[in-house]
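A closer look at the structure
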Amino acid sequence: MQLGHCRFDIGKGDLINQDTGVVWHLPRAELHVLTLLVEYQGKVVAKPLLESGHEDDLQLSSASVSRAIFTLRSFLGPQYETLIETVKGQGYLLRPHRARKQSDKQWLKALIKPLQILLVVIALVSVLLAVLWWANLATDSDGQVLPLSVETVTLTSGQQVDVILYSPSKTNNELLIEQSQQLIQGLQLCPVTIWTRVFLSLSHDKQVLNITLRGDHYGQSLIRNLKISDLRQPKQFVTAQWLETLNICSTSSSQIALSSRSRGGE
Amino acid sequence: MTRKGLWAINIVVLVCLLGCVGAIYSLTTKPANFMLSCSSELFNHQAGKADSDHYLLVDLVSKDGLAQINYRYYDLEGNSAGTLSMTGKVNKVDTERQMFDISVTTKQEYVGAKGQATPEHYEYLSYISGIHLNKNGMHSLSVQVLERDETKDYAIVLFQPSNTVCGCRLVH
């Protein structure tokens, strides 16, 4: 049985405020009064009937009935206390509140609907932001360049050197591959070298070949960057003669320095 | 508590959560400070002429979201053969993928002494960056770290869109 925002459980004798969840187990007088009012809902219940008690129960005094009405109204709250109406000189009346209940629901619906729409909008915006974030991540992963190829070259001594090519595209890399093969042939002539990894990349307009040699010498990292421009056609960035001047077969950092110095003296 | 109150609390909590997400995002994307120093040997193969060789020192500094890149060219005797100095800002740092997006907005060029041959690489870089700066008002580039060893203070990086691989020293 619904009474405003409260539900009356006649079987258990509980009045439950559904907004707050507060359960009020009705005392004897309140239970008796409310049961009778519900039983005769929409009709005036005479005071003597309310005071008559319930079957085995003792009779209630007029003051007990008045106090029960007061506490029931208090529990129903200011919004619904008028559900229990005093009919002067006769008794009390529980007003049929179906119509009012409906209007209340409409009022609630009118309130809740915009809030729900607002929440749905916020949720949609959140989902949209999340999608944009993921899309952004996906774009980033596209921007990341992975090696075009990694080739391990084995020298005559058995030493291995990784030759790694980088290109933003998987097509039109013939020149880069061709130049890397030139370099690999040069490396294969070395019995041993200080370099363990070689990185190659060709500029996007194929004007500059970049070679980075990396190695270790007594725990120290060694790096050598070579940038070769070639205005000739066809382009020959890496040639056997040029590789000889580079001293790529060096086995110590001092030899590299010596090589650089000797080039400087030319 | 009334239903209205509960909805109000829900919205407040949701707004707070969204605010926290925004705050975390802005904090985690704060640009990192770093400095790379890369030295290269330049070779220019020319038809019917001897190779003209130079050295190139590139310093890339990122501090508090600002970026400065200096390309300094030297001949084999150590004389300055030109300098390209670029400034801009760090747009985005992807620490997971080790990528840095930089927008260069200003460029200054200083040629070497009179009679000093300008390195081909200088001409090339000046031309490429000039095209972008004149066309869009900025020259965008990204730096992707391919290999990095903090203990040995080196990193192999790849510059895009020029697709230039380069080994650099990490300067702390």
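Residues numbered from 1 in each chain as written. Chains lettered and ligands numbered in written order. Predicted model: local features only at pLDDT ≥ 70, side-chain atom pairs only at ≥ 80, totals over all residues.

1. Quick notes on the overall build of chain B
Helix and strand counts for chain B stand at two helices and eight strands. Seen in sequence order, chain B has helices and strands lined up from the N terminus as α-β-β-β-β-β-α-β-β-β. The buried share of chain B, reckoned over its 172 residues, is 31%. Pairs at least 24 residues apart make up 45% of the contacts formed inside chain B by residues separated by at least 6 positions. (Helix = DSSP H or I, 4+ residues; strand = E, 2+ residues; numbered from the N terminus. Buried ≥ 20, exposed ≤ 12 C-beta atoms within 10 Å, placed from the backbone. Contact = placed C-beta atoms within 7 Å.)

2. A closer look at the packing of helix α1 (residues 28-39) of chain A against helix α3 (residues 62-76) of chain A
Residues and elements named next belong to chain A. In contact at an axis separation of 9 Å, α1 and α3 are set at 80° when each is read in the N-to-C sense. It follows that α1 is roughly perpendicular to α3 by the angle criterion. Residues Ala29, Glu30, Val33 and Leu34 of α1 form the contact with α3, whose participating residues are Ser64, Val65, Ala68, Ile69, Thr71 and Leu72. A class-by-class count of the residues in the contact of α1 with α3 yields seven nonpolar, two polar and one charged. (Axes fitted to C-alpha atoms, helices over the stretch in contact; angles between N-to-C directions. Parallel < 35°, antiparallel > 145°, perpendicular 65-115°, else oblique. Nonpolar A, V, L, I, M, F, W, Y, C, P; charged D, E, K, R; others polar.)

3. With respect to the sheet that holds strand β3 (residues 14-17) of chain A
Residues and elements named next belong to chain A. Taken together, four strands build an open sheet; the order of strands is β1-β2-β3-β4 and the sheet is antiparallel. This sheet does not close on itself; its edge strands, each paired only once, are β1 (2-3) and β4 (23-25). The pairing of strand β2 (residues 6-9) with β3 spans four bridges and is classified as antiparallel. Its bridge partner lying in β3, Phe8 is registered against Leu15. (Pairing = 2+ DSSP bridges.)

4. A few points about the nonpolar core
Counting 59 residues, the largest nonpolar core has Val198, Phe199 and Leu200 of chain A together with Tyr71, Val157 and Cys168 of chain B as the members making the most contacts within it. In terms of residue count, the dominant contributor to this core is strand β7 (residues 154-160) of chain B (six residues). Filtering out sequence-adjacent residues up to four positions away, Phe199 of chain A remains in contact with Ile164, Tyr166 and Thr212 of chain A together with Ile156 and Val165 of chain B. Cys6, Leu15, Leu34 and Leu36 of chain A belong to the second largest nonpolar core, which has 21 residues in total. (Core = buried A, V, L, I, M, F, W, Y, C linked by C-beta atoms within 7 Å.)

5. Overview of the interface of chain B and chain A
Listed by partner, the interface residues are 42 residues for chain B and 40 residues for chain A. Those elements giving two or more residues to the side of chain B that touches chain A turn out to be α1 (3-28), β1 (34-45), α2 (120-136), β6 (139-149), β7 and β8 (164-170) of chain B. Its residues assigned to classes, the side of chain B that touches chain A shows 19 nonpolar, 14 polar and nine charged.

6. What about the environment of Ala46 of chain A?
Residue and element names in this part refer to chain A. Residue position: Ala46 is located in strand β5 (residues 44-46). When the C-alpha positions of Ala46 and Leu93 are compared, they lie 8.8 Å apart, and in sequence the two are 47 residues distant. In contact with Ala46, other than residues within four places in its own chain, are Gln90 and Gly91.

7. So, the pairing of strand β8 (residues 147-154) of chain A
Pairing analysis gives seven bridges linking β8 of chain A to strand β9 (residues 160-166) of chain A, with the strands arranged antiparallel. Along β9 of chain A, the bridge assignment pairs Pro147 of chain A with Tyr166 of chain A.

8. Some details on the pairing of β6 of chain B
Pairing analysis gives six bridges linking strand β5 (residues 99-111) of chain B to β6 of chain B, with the strands arranged antiparallel. Bridge pairing in β6 of chain B links Asp101 of chain B to Ser142 of chain B.

9. Topic: the confidence of the model for chain A
Summary statistics for chain A give a mean pLDDT of 82 and a share of 83% for residues scoring 70 or more. The low-confidence segment residues 257-266 of chain A (pLDDT under 50) makes seven contacts with residues lying over four places distant or belonging to another chain. (pLDDT = per-residue confidence, 0-100.)

10. Here we look at unusual backbone geometry
Residue and element names in this part refer to chain A. The amide bond that connects Gln233 to the next residue, Pro234, takes the cis arrangement and shows omega of -5°. Here Pro234 shows up in the loop between β12 (220-230) and α6 (240-246). Phi angles above zero are rare outside glycine, and Asn247 is one such case at about 60°. Here Asn247 shows up in the loop between α6 and α7 (253-265).

11. With respect to the sheet that holds strand β6 (residues 84-87) of chain A
Residues and elements named next belong to chain A. Spatial strand order, β5-β7-β6: three strands in an open sheet with antiparallel pairing. The sheet terminates laterally at β5 and β6, the two strands that pair on one side only. Strand-to-strand, the axes of this sheet are offset by a mean angle of 30°, without reference to chain direction. Pairing between β5 and strand β7 (residues 91-94): three bridges, direction antiparallel.

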